[in-house]
Amino acid sequence: MSGRPEHQAPPEIFYGEDEARKYTRNTRMMEIQLVMSERAVELLCLPENQPCHIIDLGCGSGLSGETLTEQGHVWTGVDISSAMLGVAKEREVEGDLLLGDLGQGLPFRAGAFDGAISISALQWLCNADQKSHNPAKRLYIFFSSLYSCLNRGSRAVFQFYPENSSQVELITSQAMKAGFTGGLVVDYPNSTKAKKFFLCLMTGGQQPLPAALGVDSREDAPNCVAFSQKRDRMKQLRAGKAPKKSRDWILEKKERRRRQGKETREDSKFTGRKRQSHVW
Amino acid sequence: MKLLTHNILTSKCLKGVTVGYPLGIVAKEIKVNEVEFNPEFISRMIQKVDWPALCKAAENLGHIDDLPSAVVDDYENNEEFLKKAHHFLMEIEVINGDLICPETGRKFPVTDGIPNMLANEDEV
């Protein structure tokens, strides 16, 4: 599997039945989504101990929505993949679900929501999945409809995976055009693995951005999931070389000796054959 | 789709629609659930809810009995009223049916509780 999902197919096709199931069964994925959702809700700066009405943009199979429910909020989710929404229904998530395309605008009344979150979805809006699509226009329609359906003073937090800085520029400029203030918060900026981008948009006029995590270099980037550590260690073992004592290793070693000009036995069908272990 | 969600849904993303609210409901299947009552949340939502639209929706579903026709004064402290509002907003769910744009008549199908708000290319 190479590169970025959004280069392979439009989201409603990429997240078909199989992928939707895989996505939601992958425990590593679930844990990462949970951590990012909790951080996004934190960045929303909602009033304490007050149940709020939140919109989850690109809610998928409801992984991020569950964090909202856990924190006592009532939420509605929008997604373009009916397969993902189907999985959410199976998982019996509390939030109401809508099948919709964010780039067509949000079909809600003014001031309907107290906040918005979005986990790993915004980058999908930057691609033209159909000939008629103009990403900049779709982004503008999305952001301006979002601005109107949010209560004055509330925020929208987007965790996303920008492809490059011009994509960040495109997104931020359309958001500002739509009336939002705010900016990008980058957690763990110095760690390739832990680095996460959160676009924090505000409707209540210019306010200071929340502080990013892990900017103080003494703070360690979290090794989020045990799995990935173990996988790295496995890769580091003899990367690119044959495992020790195997036939391939023996043949390579003999080649090395020949290159060094040392006397070496000819290779034959008996080279590196399995020997019967002796009992001395 | 709960009636709370229906109360905030519009068809204004369609070309040629000015307000697009409220959407008509034709329901083929409805479900009534039990949802935990949160008086604080309901109290705040009542400020945002369009009450006449809620009454109209309940009427379309044939569930109008028991819903007060207007918001009472001092509703924050009226637990009975809050409980009724909670029942209609959070416990009645449209499973199958259609939502209808009041200006163009365009139908948005609701399947398995999920409204399909996707518009065709020529509609946006």
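Just so it is clear, the model here is predicted, and its values are computed rather than measured.

Caption draft 1: Molecular detail of the overall build of chain A. What chain A contains, in helices and strands, is 9 helices and 7 strands. Out of the 280 residues belonging to chain A, those deemed buried represent 47%.

Caption draft 2: Quick peek at the confidence of the model for chain A. For chain A, the mean per-residue pLDDT works out to 87, and 89% of the residues sit at or above 70. Every residue in residues 224-229 of chain A scores below 50 in pLDDT, and together they form 8 contacts with partners more than four places removed in sequence or on other chains.

Caption draft 3: Representation of the sheet that holds strand β4 (residues 114-115) of chain B in the model. Residue and element names in this part refer to chain B. As summarised here, the arrangement of the 4 strands in space is β1-β2-β3-β4, forming an open sheet in which the pairing is antiparallel. Here the strands that pair on one side only, and so sit at the sheet edges, are β1 (24-32) and β4. Note: β1 against strand β2 (residues 92-100), 8 bridges, orientation antiparallel. Residue I30 lies in a different strand from β2, and its bridge partner there is V94.

Caption draft 4: Up close: empty space enclosed by the protein. Enumeration over the complete set of coordinates arrives at 2 cavities of 30 Å³ or more. As a volume, the largest cavity reaches approximately 400 Å³. Secondary-structure elements contributing two or more residues to the lining of the largest cavity are α1 (11-14), α4 (63-70) and β2 (74-79) of chain A. Residue classes in the lining of the largest cavity are distributed as 13 nonpolar, 12 polar and 5 charged. Surrounding the second largest cavity, 17 residues form its lining, Q104, G105 and P107 of chain A together with C13 and M117 of chain B being those nearest its centre.

Caption draft 5: Structural detail: the packing of helix α6 (residues 135-149) of chain A against helix α7 (residues 165-177) of chain A. Residue and element names in this part refer to chain A. Here α6 crosses α7 at 45°, and the two axes come no closer than 8 Å. Put simply, α6 runs oblique to α7. Between α6 and α7 lies a crossing of right-handed hand. Residue-level contacts link A136, L139, Y140 and F143 of α6 to L170, I171, Q174, A175 and K177 of α7. Split into classes, the residues belonging to the contact of α6 with α7 amount to 7 nonpolar, 1 polar and 1 charged.

Caption draft 6: Region of the structure containing the interface of chain B and chain A. Taken residue by residue, the interface counts 31 residues in chain B and 33 residues in chain A. Summing both sides of the interface, chain B and chain A together bury roughly 2600 Å²; the carbon and sulfur share of this comes to 54%. It is I8, K48 and I114 of chain B that lose the most area in chain B upon contact with chain A, and together they represent 23% of the buried surface on that side. Our count for the contact surface shared by chain B and chain A stands at 3 salt bridges. Residue R44 of chain B is joined to D114 of chain A by a salt bridge in which the shortest nitrogen-to-oxygen separation is 2.7 Å. Along the contact surface separating chain B from chain A lie 16 residue pairs in polar contact (both at pLDDT 80 or more). Elements represented by at least two residues in the side of chain B that touches chain A include exactly α1 (3-8), α2 (39-48) and β4 of chain B. Counting residues per element, the side of chain B that touches chain A draws most heavily on α2 of chain B, at 5 residues. Of the residues belonging to the side of chain B that touches chain A, the class tally is 16 nonpolar, 6 polar and 9 charged.

Caption draft 7: A look at the packing of aromatic side chains. Residue and element names in this part refer to chain A. As enumerated under the stated definition, the model contains 10 aromatic pairs over all chains in all. Between F142 and F143, the aromatic rings sit 5.1 Å apart at their centres with planes inclined by 50°, giving tilted as the arrangement. For the residue pair F142 and F143, the accessibility class agrees, reading buried in each case. Judged by centre distance (6.0 Å) and plane angle (80°), the rings of F142 and F158 are edge-to-face.

Caption draft 8: Focus on the sheet that holds strand β4 (residues 113-119) of chain A. Across the sheet, which stays open at both edges, the 7 strands sit in the order β3-β2-β1-β4-β5-β7-β6 (chain A) with mixed pairing between neighbours. Since the sheet does not close on itself, it has two edges, and those belong to β3 (96-99) and β6 (181-187) of chain A, each with one partner. Averaged over all pairs of adjacent strands, the angle between their axes in this sheet comes to 15°, without regard to strand direction. In the sheet, strand β1 (residues 53-57) of chain A pairs with β2 of chain A via 5 bridges, with the strands oriented parallel. Counterpart to I55 of chain A in the pairing with β2 of chain A is T76 of chain A. Sheet strands in contact with helix α5 (residues 82-90) of chain A are β2 and β3 of chain A, and its direction is about 165° off that of β3 of chain A. Set on the sheet, α2 of chain B makes contact with β1, β2, β4 and β5 (150-160) of chain A; between it and β4 of chain A the angle comes to about 105°.

Caption draft 9: Representation of the environment of A156 of chain A in the model. Residues and elements named next belong to chain A. Along the polypeptide, A156 turns up in strand β5. The class of A156 is buried, set by a relative accessible area of 0%. For A156 and I55, which are 101 residues apart along the polypeptide, the C-alpha to C-alpha distance reads 9.1 Å. Setting aside residues no more than four positions away along its own chain, A156 makes contact with L44, A116, L146, L150, L199, C200 and L201.

About the thresholds
Residues numbered from 1 in each chain as written. Chains lettered and ligands numbered in written order. Predicted model: local features only at pLDDT ≥ 70, side-chain atom pairs only at ≥ 80, totals over all residues. Heavy atoms only, no water. Helix = DSSP H or I, 4+ residues; strand = E, 2+ residues; numbered from the N terminus. Buried < 20%, exposed > 50% of the residue type's maximum accessible area, 1.4 Å probe, protein only. pLDDT = per-residue confidence, 0-100. Contact = heavy atoms within 4.5 Å. Pairing = 2+ DSSP bridges. 1 Å grid on protein atoms, 1.4 Å probe; cavity = no way out; pocket = protein on both sides within 12 Å on 5 of 7 lines; lining within 4 Å. Points joined across faces, edges and corners; volume = space filled by probe spheres on them. Nonpolar A, V, L, I, M, F, W, Y, C, P; charged D, E, K, R; others polar. Axes fitted to C-alpha atoms, helices over the stretch in contact; angles between N-to-C directions. Parallel < 35°, antiparallel > 145°, perpendicular 65-115°, else oblique. Left-handed = near helix turned anticlockwise from the far one by under 90°. Buried area = accessible area lost by both parts, 1.4 Å probe. Salt bridge = Lys/Arg side-chain N within 4 Å of Asp/Glu carboxyl O. Polar contact = N/O pair within 3.5 Å; in protein donor to acceptor, adjacent residues only side chain to side chain. Phe/Tyr/Trp six-rings, centres within 6.5 Å; stacked < 30°, edge-to-face > 60°.

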